[in-house]
Amino acid sequence: MAGGSPTGAGGSPTRAGKTPKGAGPDTGLFPRSLLARIPLPLRGLRPRLLTAFVLVAMASSLGTGALAFREARTGVLQQSQDSVINRFRASVDAVAPTIPLAPDRSDLQSAVEQVLYANRSAGWRVRAAYGDHRAQAPDTGFVEPSPELLRSVRGRRAAVFQRMNVDGRPLLVVGMPVTYTSGEDKEPRLSGLVMYLEVPQTTELGYVEAMVSGMERATLVALGLAVVLALLAAGGVLRPVRALRRATRRMAAGHLDVRLEVTGSDELADLSQSFNESAAELERTVAELRRLEAQGRRFVADVSHELRTPLAAMSAVTDVLDLEGDGETAEALRLISEGTNRLSGLVNDLMEISRFDAGVAALNRDEIDLAESVRRTVASRWPREGEVELRLPEAGVLRARVDPRRLDVVTANLVGNALRHGQPPVRLTLEVRKEGTGMAWAVLRVTDNGPGIAEDALPHIFERFYKASTSRSRSESSGLGLAITAENVRLHGGRIRAANRPEGGAEFTVELPLHDTDTDTDTGTGPGPGIDADTDTDADACTAGGTGSGGGTR
């Protein structure tokens, strides 16, 4: 009879052909070089969350599907294999008693036909081998067993099987040795007769393909569900983030009273609460700073106003005494007169600065000849030849609508500052510059032959009360002249900058727009284009506004 339960040859079954291996998704991080090539809209939090959910869903679906497929495939094949081997053993057991101990080819052929007849609907192919005799049914098409299976079946009393893939067809080949017992010996012995079975496994292949198809559909469903969950999660995460972005932009626009609604107790709620606390503290600080700034401006304006009347009286008295004094009394009166004049100039400058800060400084525009205005300013203050070199266009060539008084202040302050801190001659040029956009500018440039401006002082040259030389902090300059000059330029919608020339000396450049609009008349101070410079904001202790007589240090 046929012996033992079926076992695999040499451990796990030997299989012909190659079994494809599934490749899992790459869950590693993208290299930075690849991430940098991703378009900016795809680097946002929503695409990243969506990608992460999809990758996790793919990894989970493929991993779970691969494990389920392996277990199901093994179960299907194992069940089919056990069923076939049990039926084959039963058929061989039924035929074995009719086979002689030393069968010839006809005995073998009869045996295989009986086995095949008992399982004629299963698509079996049966072969019998004893010594040099062979018999099979049907006559052709039987696949030769592998050498490993042949060696295993000759030395064992158990069935040996092997799954093979021939021309894309899955086959199960089983080798069943026939054993016998004699007398009192209960140990079965090999008779030398071996029965072989070849069974197609197309049905099992269909089951496996159905499982693969089901896995694909389940993966697609999982991916769709992952996308929906990713969108919902992204919406829940991004909603407070968007609110925070909107609040931040409103705060940057000056709305310091903006606050976020705090819901929940997660990290985003903590972030919203922290933002609200920061916004409240910032609003309080800015309000306090504005209050202090307003108090400071009001104090300067009030003090300047209160000092103006007594200083005017003192100036009148000193002027009268200057005419009557002599000797040491005249020298003392001269010192008092100079100090009174400087203090009066400082008060006037402070009054002018307070007007700019309060936003009430106004332009009284008039269409004038810029070259003639500049020429009169220089001639009235520096009549000596050689001090100032003028390079101006012809009279009537360059006309513009400006405030004549403020243009006089700008010219006088720049030229006086150059004479005081540079070396004569001071060169003053006036020209027109046109831009590609069609905008035209009147460019006033003042240069000197002095040592120039220290590099660390350039960024502060137009700041109030700034003096580049601390060793001369007690100079007659108030440090407001260039600040007033910059405010007057800004009031005209112009630009001013300071720089050092490569060949030596400082250079101040003023650009005034050449436009003719009635709406520009009598306008108050506004932000304007501001100071445009190699140094954006500058300051220097400089001439007093409007007189050109004050000075400062660089």
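Residues numbered from 1 in each chain as written. Predicted model: local features only at pLDDT ≥ 70, side-chain atom pairs only at ≥ 80, totals over all residues. Heavy atoms only, no water.

What follows is about the overall build of the protein chain. Scanning the protein chain from N- to C-terminus turns up 10 helices and 13 strands. Buried positions account for 38% of the 554 residues belonging to the protein chain. Sequence-distant contacts in the protein chain: of pairs separated by 6 or more residues, those separated by 24 or more amount to 71%. On the protein chain, roughly 30900 Å² of surface is accessible, and the fraction owed to carbon and sulfur atoms is 55%. (Helix = DSSP H or I, 4+ residues; strand = E, 2+ residues; numbered from the N terminus. Buried < 20%, exposed > 50% of the residue type's maximum accessible area, 1.4 Å probe, protein only. Contact = heavy atoms within 4.5 Å. Areas by Shrake-Rupley, 256 points an atom, 1.4 Å probe, with all protein chains shown as cover.)

It is worth spelling out the sheet that holds strand 13 (residues 506-513) at this point. Across the sheet, which stays open at both edges, the five strands sit in the order 8-10-11-13-12 with mixed pairing between neighbours. Lying at the two open borders of the sheet, with one neighbouring strand each, are strand 8 (388-391) and strand 12 (495-500). Along the sheet, successive strands turn relative to each other by an average axial angle of 20°, direction set aside. Pairing between strand 12 and strand 13: six bridges, direction antiparallel. Across the sheet, residue Arg-495 finds its bridge partner in strand 13, namely Glu-511. Running at roughly 165° to strand 10 (residues 426-434), helix 8 (residues 370-381) makes contact with strand 8, strand 10 and strand 11 (440-447) of the sheet. (Pairing = 2+ DSSP bridges. Axes fitted to C-alpha atoms, helices over the stretch in contact; angles between N-to-C directions.)

This next bit is on the confidence of the model for the protein chain. Per-residue confidence for the protein chain gives a mean pLDDT of 75, with 80% of residues at or over 70. Throughout residues 1-30 the model reports pLDDT below 50, and contacts reaching past four residues in sequence, or to other chains, amount to 51 contacts. (pLDDT = per-residue confidence, 0-100.)

Two side chains carrying opposite charge are able to pair once their charged atoms lie near each other. Applying the stated rule across the entire model yields 20 salt bridges. Of the charged contacts, one joins Glu-288 and Arg-291 as a salt bridge, the two residues approaching to 2.4 Å between their closest N and O atoms. With Glu-288 and Arg-291 both in helix 6 (residues 267-324) and three residues apart, the pair spans about one turn of that helix. Glu-288 sits in the partly exposed class, given a relative accessible area of 32%. In this structure, Glu-487 engages Arg-464 in a salt bridge whose closest nitrogen and oxygen atoms are separated by 3.8 Å. Here Glu-487, found in helix 10 (residues 481-491), pairs with Arg-464, found in the loop between strand 11 and helix 10; they are 23 residues apart in sequence, far enough to count as distant. Within this structure, Arg-433, Glu-435, Arg-495, Arg-497 and Glu-511 form a network of salt bridges that share partners. (Salt bridge = Lys/Arg side-chain N within 4 Å of Asp/Glu carboxyl O.)

What follows deals with the nonpolar core. For soluble globular proteins, nonpolar side chains are generally found buried alongside one another. In terms of nonpolar packing, the biggest core is built from 38 residues, with Leu-370, Leu-428, Ile-453, Phe-462, Phe-508 and Val-510 touching the most fellow members. Of all elements in the fold, only helix 8, strand 9 (399-402), helix 9 (404-421), strand 10, strand 11, helix 10, strand 12 and strand 13 reach the threshold of two or more residues within this core. Considering every element that reaches this core, the biggest residue donor is helix 9, with seven residues. Sequence-distant contacts of Val-510, that is, excluding residues within four places in its chain, are made with Val-410, Leu-414, Ala-442, Val-443, Leu-444, Val-489, Arg-495 and Ile-496. Core analysis: the second largest hydrophobic core is formed by 27 residues, Ile-85, Ala-159, Met-176 and Val-178 among them. (Core = buried A, V, L, I, M, F, W, Y, C linked by side-chain atoms within 4.5 Å.)

Contact geometry for helix 8 and helix 9: axes closest at 10 Å, N-to-C directions at 55°. Classified by the angle their axes make, helix 8 and helix 9 are oblique. Here the hand of the crossing between helix 8 and helix 9 comes out right-handed. Here Leu-370, Ser-373, Val-374, Thr-377 and Arg-381 of helix 8 lie close against helix 9, whose contacting residues are Leu-407, Asp-408, Thr-411 and Ala-412. Its residues assigned to classes, the contact of helix 8 with helix 9 shows four nonpolar, three polar and two charged. (Parallel < 35°, antiparallel > 145°, perpendicular 65-115°, else oblique. Left-handed = near helix turned anticlockwise from the far one by under 90°. Nonpolar A, V, L, I, M, F, W, Y, C, P; charged D, E, K, R; others polar.)

Time to look at the pairing of strand 2 (residues 125-130). Alignment of strand 2 against strand 3 (residues 133-137), held across five bridges, turns out to be antiparallel. Pairing of Ala-129 across the sheet is with Arg-134, part of strand 3. Hairpin connection, strand 2 to strand 3: the antiparallel pair is bridged by two residues, and Gly-131 has positive phi, about 60°.

What follows is about a nonpolar patch on the surface. A grouping of Phe-53, Leu-225, Val-228, Leu-229 and Leu-232 is seen on the molecular surface, where their side chains present a nonpolar patch of about 460 Å² in accessible area. Take the nonpolar patch: its biggest share by element is four residues, from helix 5 (residues 202-252). With respect to the helices and strands, Val-228 occurs in helix 5. (Patch = residues over 30% accessible without salt bridge, like charges linked within 9 Å, V, L, I, M, F, W, Y side chains within 5 Å.)

As a further point, take the UniProt feature "transmembrane region" (unreviewed entry) in the protein chain. The feature "transmembrane region" (unreviewed entry), as annotated in UniProt, sits at residues 49-69 and 220-238 in this numbering. Helix makes up 100% of residues 49-69 and strand makes up 0%, while its end C-alpha atoms are separated by 29 Å. (UniProt positions renumbered as here; feature names shortened; annotations may be inferred.)

To continue, consider the environment of Ala-287. Turning to its location among the elements, Ala-287 is positioned in helix 6. Its relative accessible area of 46% is what places Ala-287 among the partly exposed residues. With 31 residues separating them in the primary sequence, Ala-287 and Leu-256 have C-alpha atoms 9.7 Å apart.

Along the chain, the position of Arg-445 falls in strand 11. Under the relative-accessibility criterion, Arg-445 is labelled partly exposed at 21%. Distance from Arg-445 to Val-415, taken between C-alpha atoms, is 9.8 Å for residues 30 residues apart in sequence. A distance of 3.1 Å separates polar atoms of two side chains, one belonging to Arg-445 and the other to Glu-431. (Polar contact = N/O pair within 3.5 Å; in protein donor to acceptor, adjacent residues only side chain to side chain.)

As a packed pair, helix 2 (residues 45-95) and helix 3 (residues 105-118) sit with axes 10 Å apart at the nearest point and diverge in direction by 135°. Taken together, the axis directions place helix 2 and helix 3 in an arrangement best described as oblique. You can see that helix 2 and helix 3 cross each other, and the crossing is right-handed. Where helix 2 approaches helix 3, its residues Phe-88, Ser-91 and Val-95 are matched on the opposing element by Ala-111, Gln-114, Val-115 and Ala-118. The class makeup of the residues in the contact of helix 2 with helix 3 is five nonpolar, two polar and no charged.

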